[in-house]
Each structure stands twice: as structure tokens, then as C-alpha cells.
Amino acid sequence: MKLKVMLIDDEPFILQGLTLLIDWEKEGCEIVRTAANGMEALDYLTEHTVDLILADIEMPVMTGLELLEKIRSENISDAYFAILSGYNDFSYAQKAIRYSCMEYILKPVSRDSLLELIRKAAKQKELTDREEEKKKTLQRSYLIRNLAALMHGKTQEGVLENVREQLPFSSGVRYVQILLDGMENLEELEDQKLRGLRNRMIENCRLFLDRDREYCIKDIFGNEDEYEFSFLYCTRMAEERGLTLETFMEQMLSAAGCGLGMPVTFLVGKEVEDIARISNSYSSACILKSFKGFRPEKSIYYYEKEVQVNQSKVVLCKQSLDRLIRAVEQNDRGEINCSVDDLFTEMEKMGLTADTVSMNTNYLLFQLIHLAVEQDETIDQEEVMLYISDNVSEADSSRGSRAHLRRFACEYAEYLIQLRKNVSRGVLLDVEREVKEHFAENLTLKELSKKYYVNSSYLGQIFRKKYGQSFKDYLNNHRISEAAQLLLKTDKKISVIADEVGYHDTDYFISRFIEQKGCTPARYRKNAGETIN
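Here goes a summary of the coordinates provided. (Residues numbered from 1 in each chain as written. Predicted model: local features only at pLDDT ≥ 70, side-chain atom pairs only at ≥ 80, totals over all residues. Heavy atoms only, no water.)

## Let's talk about the overall build of the chain
If you tally the helices and strands in the chain, you get 23 helices and ten strands. When burial is assessed residue by residue, the chain has 48% of its 533 residues classed as buried. Within the chain, contacts between residues at least 6 apart in sequence are counted, and of these 68% link residues at least 24 apart. (Helix = DSSP H or I, 4+ residues; strand = E, 2+ residues; numbered from the N terminus. Buried < 20%, exposed > 50% of the residue type's maximum accessible area, 1.4 Å probe, protein only. Contact = heavy atoms within 4.5 Å.)

Dropping the structure here:
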């Protein structure tokens, strides 16, 4: 970034001489303003920022020293300041130094002294910018940590104060989860592509929010999810734009998906009166993620509209629901089908309103989540919610229908069996073996999940949890390792090796090899030969 420079002198020929004395652009500088006196310069500085000011000491209306004293005492500008003077008077220099003047240069100004000044200013600015960036990074890390604590309901001393200091909130606060959606095989994508899509989505949202961009929060729990992130909303944001909550979210949604080539979904948590209670809004957004599969498909889900109902007017079909839950726990397919039929028959007698279906579905899902956590103490509630969200979204039948619920209940019963057997250990070993033995074939997580009777979303979760990367990246890394061995042990052509390890596009193979090994396959083979010799 160029150094913004301001020149101030009441003699026009001196100003012109300073502009021509050196090649300012070559030195990374831009003269953004010239002024004939301190007052003229002050008017500009109250509205604009500059990095370096060169000012004559004696000028009408306001002198250079008066300008320096004014901007420092009133914190108008922290630009580097150099006094240009025809007086070799120590008292002038002493006063200039007192107000943090960088240099006191005697006229006529030489080319060398001017170059020395701007290079010194540029170096100082670089150091200051670096320190400022480091400070901002630390502050941001501290903020993320404190927000994570608030999400989990921890409000110990200093946490809330730090969040309020860095992110001022008005009333009507909401936690909003923003995620890439509508993709059947997210886990099949390479991590790099997922991160690229996610980062593009985040940047789209930040551009829309403009000065509120800092309310977009990435990696809040330090466990990066490659296709979603968080946004903290408060009513001020919509009000300042003259929008309602709904219109604001619709416009932001449109901006978020720009250029992605896939749908984006907003899960808008319930409104809380203050950031201190953001944990309630966060948990409601997590619930929405599980429940959205039982709702008509939308781009924006609001907790109040999707989950909460007027319980005084809606009857809970508890007996039918408890019977269904027991059938799921016992993996009794016949009983599951009968229980679902009885539940819908009972709801139909009450009119089968949206509120009736919503309330009964909510009760069922809460109980099923609790049931899963009971089966495997190592699994947390959010993992189960993610499984439910991914699983129900794949339904072919209409959401919330009798057939949909029947299918989901049967698959959830199988999921519970997997948890009881702690299936993750056995299946992951099987997947490892498949990669070692068949890495050159067209292996996909979806096909492996069918082969080992495991839900593909669940398999993707436990795979990433163990290996710290997607299945696609794991497979690619193994293929490149095998290719490296062939390069060292055989004299086969690179195109032949690429084909043998599963890459039918040699150019793509070379690019992947460079990513992992830091050089081309040919260079890798040559370097190894030179080392051996």
C-alpha cells in the first residue's frame, strides 16, 4: 500500500519543487494533498487520513508547529510529521520533538534528505502496521474464545465485557448459522475445494455487511467445519438499512450465494434480548439444523416459526410417540410402521395442522437425540443433530409425511445399532483396508457406506474425526505416496504411473503431486537418483 503524503507550504514554487524533487511513485508514495497553510491542511485532516506530513514552519493563518500541536493534542492525526524550516533554531526543533515530530529538515531540502525521510517513514509504517495487525489478530483470537464461552453459557468475569467492547450489540440478538446446502456428496469433495467455497461464501457475506463485517465469525469452536460459519445479528443492522428482519436475511442470503453455484441455507436462532444470553439463540439454531429435514424445504429457517408452537392449543400424542420411540430403540420394523400409522391417525383426528405435526415431531426428535447419547457416551449431542440433519435431508418422499417419518425411524434404528456396537472402529479399519487394496479404483465414501451398511453422512463424520481430513484427501494422499514409491523403484513413464495409482488425467496427477511433495514427479525422481549416487 502506498504511503499517503501531504505537502504544506505557503510558497507555490517550493510545493512544486518538492513534488518534482524525487519520483514519489517509484518510492511507493502518493501525494494526496498540497496546502498553503496549516488551517487548510487541518480542514483536510479532519476528514481524511494521511501517513506523512511535510510542513513549512512559518506560514500565515496557522504555522507548521501550530498545526502539529493541534493534531497531536486533539488526536486528529497520528501521521508522521516533518518540519521544513529555514531557521536553524534549537527551540523550534525542541518544540517539534515534544509533539512527536519525526524530522526537522533545514531548507533548501536536498534530494537525499527527502529520500531518507520517506524511507524512514515507510519503514516505520511497516513496523507499526505489522504490530497493529498482530494486535488485531490477538484481539480477534481472544474475542473468538470468549464468544465460544458465551455460546456454552459461561459468563465468567471479563468474558462478556470483552465481547461487548469489541462487538457492540443493540437489542434483538440472534445467532445465525450459514451453510452450504443441497449437496449430496459434500464429504466426497477435497478439503481445499470445500474451504475455497466456504471462504467465498464468508467473503460474500462480509461485503454485504460492510462495516458490520466483524460480526461474521469463522471457526468459533476451533474445529473448522468446511461448509458453514456463524453470524451474529442484532436489530440495528436491519433498522439502519430500513429493512425488516426477513428482508435483511433475504438480501444477505442472495449475497452469500453469489458465484458459488450451489444453494446456501440460513438457520436463524431465536431472538434474545442481549448478547449475554446468546447461548439460548445458539442452541436453538442447532435444534433447527436437526429439525429442518422435517420441514418444507426453505432457504431460511426461523426458530420461532419452525419449532415453537402454542402448546395450549395443540395436543401431544405422547402414547403413540413413546411407542414409536421404543420400537426405534428395539429396531422393530413392524412395530415402527404400526406406530407411525397410529401417530398420524391420531394427528389426523385433531386436524393434522402444521402446529400439531411440529410439536409432535419436536418431542420425537428430542427423545431420539437423548436415546443416541445414551448408547455411546463418547458421542455428543451436536454430532447426533448433524446426523439427523444430513439423514432426513436425503429423503425422496415429502418432508414430514408418513412415509418420510417411517423411513427416517427405520434408518435411525440402524444408526442406534451402529452406536451400540461402536461401529466406527470396525468400519474405519475396513475403509483403511479398501484404500490400501483398491486405491487405483473409483472409491467413494457413498459406495463404501453402502458396502458396510453405514449411513454415508455418519461415516464421513467419524472418518474426519479420526484422520483430521476428508475421505477424498485421504485417498489422494495415499495415491500420491504410492506414486512416489513407483517413481523411485521403477522406470515407468509418469503417465503410466499416474494411471496405475488412479489418475487418468496426467496433468491433474502432476498438480496433485506438486501440492504434496513440493516438486514435479520428474524432479522427485531425479533428486532421489542424485541423492542415491
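## Overview of the pattern of salt bridges
Taken as a whole and judged by the stated rule, the model has 31 salt bridges. Its salt-bridge partner being Asp129, residue Lys125 comes within 2.7 Å of it at the nearest N-O pair. In this pair, Lys125 and Asp129 both sit in helix α5 (residues 111–151), four residues apart, roughly one turn of the helix. Exposure remark for Lys125: the relative accessible area of 13% places this residue in the buried category. In this structure Asp129 comes out as partly exposed when scored by relative accessible area, which is 38%. Notably, a salt bridge pairs Glu273 with Arg277, separated by 3.5 Å at the nearest N-O pair. Glu273 sits in the exposed class, given a relative accessible area of 52%. Assessed through its relative accessible area of 41%, Arg277 is described here as partly exposed. (Salt bridge = Lys/Arg side-chain N within 4 Å of Asp/Glu carboxyl O.)

## Points about the pairing of strand β3 (residues 52–56)
For β3, the buried fraction is high: five of the five residues fall into the buried class. Side chains Leu52, Leu54 and Asp56 project from β3 onto one buried face, and the interleaved Ile53 and Ala55 project onto a second face that is buried too. Pairing between strand β1 (residues 3–8) and β3: four bridges, direction parallel. Residue Ile8 lies in a different strand from β3, and its bridge partner there is Ala55. Sheet analysis places β3 next to strand β4 (residues 80–85), joined by five bridges and oriented parallel. Residue pairing across strands places Asp56 opposite Leu84, the latter belonging to β4. Note on the crossover from β3 through helix α3 (residues 64–73) to β4: the handedness is right-handed. (Pairing = 2+ DSSP bridges. Right-handed = clockwise from strand over helix to strand, strands pointing away.)

## Quick look at helix α7 (residues 191–209)
Look at α7: 27 Å from first C-alpha to last across 19 residues, which is about the 27 Å you get at 1.5 Å a residue. Within the span of α7, buried status applies to Asp191, Leu194, Leu197, Arg198, Met201, Ile202, Asn204, Cys205, Phe208 and Leu209. Looking straight down α7, one finds its buried side chains confined to an arc of 160°; they lie on one side. Facing away from the buried side of α7 by over 90 degrees, the exposed positions are Gln192, Lys193 and Leu207. Phi turns positive, to about 60°, at Asp210, one or two residues after α7. (Expected span 1.5 Å × (residues − 1). Arc of directions from axis to C-beta.)

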